[in-house]
Amino acid sequence: MNTSPEWITSVDACVERIFAMAGAELRVAAPLGLGKPNVLLNAIYRRVAGDASLRLDLYTALSLARPQPKSDLERRFLEPFLVRHFGADYPDLDYVAAEHAGTLPANVRIREFYLQSGAMLGIASAQRDYASLNYTHVARDLVERRINVIVQLVAARQEAGQVRYSLACNPDVTIDLLEQMQAAGIARPFVVGVVHADLPFVGNEAEVDAGFFSALLFDQACRHTLFALPREPVDAAEYAIGLHASTLVRDGGTLQIGIGALSDALVHALLLRQRDNANYRNALAALGADAAGEGSLSARIGGVDGFARGLYGASEMVMDGFMHLARAGILARRVYADFAIEQALEDGRIEETLHEHAADALHASGALPDRVDERELARLMKFGILPQNTQLYGMALRLPDGSSLTADLSSSDARQQWNRALAGRKLRDGRYLRGAFYLGSSEFYAWLRGLAGDDFDGLSMTRVSDINQLYGGHEALDALQRRGARFFNTCMMATVLGAAVSDALDNGQVVSGVGGQYNFVAMAHALEGGRSVLMLRSTRTHAGKLESNILWNYGHTTIPRHLRDIYVTEYGIADLRGKSDEDCIIAMLAITDARFQNQLAAQAKAAGKLRRDFVTPARWRENTNKKLSLALSSAQIAPLFPAFPFGSDFSAEELRLLPALVKLKNVSASKLGLVAFLLKSLFPQSPPADAETLLARLNLHQPRNLGERLTRRMVLAALAAG
């Protein structure tokens with residue numbers, strides 16, 4: 001810690017100071033996702049790229065980049081949207097562009113442990129320098145790299161003449177890294193906090209003193225639009241997955257969720273379960289889910305009723321879904337950093353608002369001692385059991401209102417006095433949501449900025465080593481707080497024997513990264529009552545061909561089969577925990593698309609893993625997309641599942657264009673299909689009434705050459721096809 005950081009007001013001056021302090025060979029660590037100071041990183045990169053005597057090794061993850069159009073039609077659609085959504089001032093990372101162009105200088109290496117999903121497939125430098133790590137191991141392994149510079153976006157808040165600082169979106173690795181470097185006897189890096197005026201401020205563990213930084217950079221050039229994730233559409237299959245998965249969540253439990261359409265579908269289903277329970281049950285029934293049936297998995301470990309006690313969020317990533325759950329009153333169970341208080345809440349001895357016998361209950365559970373000393377007084381005030389500014393005088397406690405309590409609670413008479421004093425008081429300093437990093441939409445950032453009072457205090461961003469595992473000397477408390485844990489993650493593929501493929505392909509190409517998925521799967525097995533739920537679509541279309549995402553085997557594994565637990569597809573739930581290989585195969589076949597069941601069963605039989613006389617039940621033959629679409633298309637149910645459950649960042653014209661553009665993209669996957677569609681476009685059907693407006697959005701209303709005329713015809717044909 002520094003007594004006072006350097007105050008720097010320009011990016012160029014900051015770059016000079018970094019080289020002055022760290023030398024010509026920079027080993028820079030920068031946070032994943034939102035916490036990267038793009039403007040400063042670009043300045044460092046350009047300086048190194050222009051001087052062969054310098055070197056930059058950047059250690060980071062999730063280098064966010066705006067979508068790049070892959071065709072002329074995509075460009076016409078995306079460019080106006082990108083400017084509107086991300087802002088004309090958003091600074092893309094220069095090194096990402098160089099990686100894609102194959103022009104990364106020899107004196108620059110970018111080493112990431114998590115990649116933006118699919119963005120670096122086929123990018124040689126990114127694939128070679130990818131490091132496969134559990135999120136919780138990053139700080140440990142960076143110690144060996146002898147990091148000499150850390151750069152990070154930070155938030156600042158001025159109150160009562162004082163400026164407070166927060167690591168905000170990324171307290172995940174930085175503090176652990178610095179502490180572990182100190183423990184190893186390695187010199188402290190030059191830590192630069194880049195203050196961004198619009199970055200939402202988070203208190204609690206994310207808040208640090210100014211002296212935490214070697215330098216603080218204040219430059220308006222760094223105040224660009226924050227990277228905001230566009231809100232995604234959700235289709236029928238994804239909604240079905242979310243509905244099935246939502247039945248596994250237990251009221252009063254703990255929730256971890258990731259990001260993407262499947263997570264959005266899960267959150268939407270949980271909201272429906274709370275707000276419109278009758279129609280929620282109708283939707284489940286339409287899918288054929290016996291979620292409320294006696295003996296069903298939902299009845300044993302989850303539920304379909306609304307949430308009375310609420311959920312506690314403990315997730316490496318905090319994103320829009322948690323905002324929606326908090327607004328709906330579902331994310332309402334607060335946890336307390338005190339084992340005795342937490343146990344009393346779990347046992348039902350007390351509630352957050354203390355009842356008229358609270359002192360007896362707290363004393364019986366060990367949360368109130370026989371005698372209150374100064375240390376116990378501080379603890380009781382911290383958690384709201386006693387009011388702030390209560391003072392201890394010998395064996396008497398003087399409350400701010402002038403009343404007194406005995407400090408000796410060993411007698412029932414004394415506890416009766418305390419019962420009267422505590423009745424109606426509300427526990428404080430509880431957390432309803434804890435995470436390691438945040439990333440989301442513009443609406444989500446606005447929500448974070450607007451949090452105040454208990455809502456602000458109840459959110460905690462902290463170290464990933466605390467969130468993603470149970471180690472650290474407080475395992476018993478963590479396990480108690482995370483009771484009824486449901487860890488929801490997504491995977492790309494799964495085998496019928498229970499292994500999951502989430503991060504890479506069988507040729508070694510990395511799609512994204514392991515991140516924290518392994519941590520949460522392993523933690524689900526370690527926690528009493530914890531369950532890991534991996535969600536995936538049963539099929540995908542590749543090169544115009546339908547393929548199953550449930551396979552007999554695959555040449556890459558993210559989660560090994562000995563950690564198999566629960567899988568969810570649009571066709572239901574497969575509970576694999578503790579089951580034999582044959583039982584796992586049968587359970588996975590039951591949630592596989594009907595078109596692939598026979599092939600998988602035959603492979604299992606050939607390997608001696610499935611009895612020869614096994615016959616696929618007739619009801620599994622209903623695992624079809626057509627059946628699924630019909631199930632959610634009734635007049636009563638369909639309005640519950642809009643294309644964009646949480647609103648869209650697209651304009652009305654863009655929403656009208658999207659289905660047509662998706663259709664064109666699909667037909668373009670096959671040369672034969674593209675030619676056929678092109679020929680069809682030469683004989684167009686009647687265009688929709690707003691065709692000219694839509695064409696104008698793509699700047700195709702007045703085609704200037706043959707290519708634009710052909711593109712215009714294809715768009716019109718796709719629009720006419722509905």
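Within each chain, residue numbers correspond to sequence positions counted from 1 in written order. pLDDT decides what is reported in this predicted model: residues at 70 or higher carry local features, side-chain atom pairs at 80 or more are listed and counted, and totals for whole chains, interfaces and linings draw on all residues regardless. To obtain the side-chain values, all non-hydrogen atoms of the structure were included, while hydrogens and water were left out.

1. So, the packing of helix α2 (residues 38-49) against helix α4 (residues 94-101)
Put simply, the test is: Helix axes are fitted to C-alpha atoms over the stretch in contact, other axes to C-alpha atoms as well, and angles between N-to-C directions run from 0 to 180 degrees. Only DSSP runs of H or I with at least four residues qualify as helices, and only runs of E with at least two residues qualify as strands; both kinds are numbered from the N terminus onward. Angles are sorted into four bins: roughly parallel if under 35 degrees, roughly antiparallel if over 145, roughly perpendicular if 65 to 115, and oblique for all others. Contacts are assigned to residue pairs with any non-hydrogen atoms lying within 4.5 Å of each other.
Their axes nearest at 8 Å, the elements α2 and α4 cross at an angle of 55°. Taken together, α2 and α4 sit at an angle that is classed as oblique. Residues N42, Y45 and R46 of α2 touch α4, and the partners they reach there are D94, Y95 and A98.

2. Examining the sheet that holds strand β13 (residues 396-398)
Heads up, the rule is: By definition, two strands form a pair when at least two bridges between them are found by DSSP.
In spatial order, the strands read β12-β13-β14; together these 3 strands make up an open sheet with antiparallel pairing. Across the chains shown, the open sheet's two edge strands, defined by having one partner strand only, are β12 (391-393) and β14 (404-406). For this sheet the average axis-to-axis angle between neighbouring strands, irrespective of direction, equals 30°. As paired strands, β13 and β14 are joined by 3 bridges and run antiparallel to one another. Bridging from a neighbouring strand, R398 pairs with S404 of β14.

3. Thoughts on the environment of I341
Looking at the secondary structure, you find I341 in helix α13 (residues 339-347). For the pair I341 and L427, spaced 86 residues apart in sequence, the C-alpha separation works out to 9.5 Å. I341 has contacts with Y336, I350, A367, R379, F383, I385 and L427, leaving out every residue within four places of it along the chain.

4. Concerning unusual backbone geometry
Worth spelling out the cut-off: Think of it in three bands: residues with accessible area under 20% of the maximum for their type are buried, residues over 50% are exposed, and the middle band is partly exposed, with areas taken using a 1.4 Å probe on protein chains only.
With a phi angle near 75°, N389 is a residue other than glycine that sits in the positive phi range. Looking at where N389 falls in the secondary structure, it is placed in the loop between α15 (374-382) and β12. Not every positive phi belongs to a glycine, and N699 is a case in point at roughly 55°. N699 gets classed as partly exposed once you look at its relative accessible area, which sits at 41%.

5. Quick word on the nonpolar core
Here is the rule we go by: Definition used in this section: a nonpolar core is a set of buried Ala, Val, Leu, Ile, Met, Phe, Trp, Tyr and Cys residues joined via side-chain atoms within 4.5 Å.
I18, L40, L177, Y438 and F488 are the most contacted members of the largest nonpolar core, which totals 153 residues. Excluding residues that lie within four positions of it along the chain, L40 makes contacts with V11, C14, V15, I18, V151, V192 and V194. Among the nonpolar cores identified, the runner-up in size contains 29 residues, and I350, A367, V372 and W418 belong to it.

6. Structural notes on the packing of aromatic side chains
Spelled out, the test is: Here a Phe, Tyr or Trp ring, Trp counted by its six-membered ring, pairs with any other such ring whose centre lies within 6.5 Å, and the pair is stacked when the planes are under 30 degrees apart, edge-to-face when over 60, and tilted otherwise. Definition used: whenever NZ (Lys) or CZ (Arg) falls within 6 Å of the ring centre and also within 35 degrees of the ring normal, the charge is taken to sit over that ring.
Overall, the coordinates contain 19 aromatic pairs when judged by the stated rule. Pairing Y438 with F444 gives two aromatic rings, centres 6.2 Å apart and planes at 75°, and the pair type is edge-to-face. Like Y438, the residue F444 is buried in the burial classification. A connected cluster of aromatic rings, assembled from ring pairs, spans F77, F81, F644 and F650. The ring of F19 has R47 sitting right over it, with the charged end atom 4.8 Å from the ring centre. Lying across the ring of F77, R697 places its NZ or CZ 5.3 Å from the centre.

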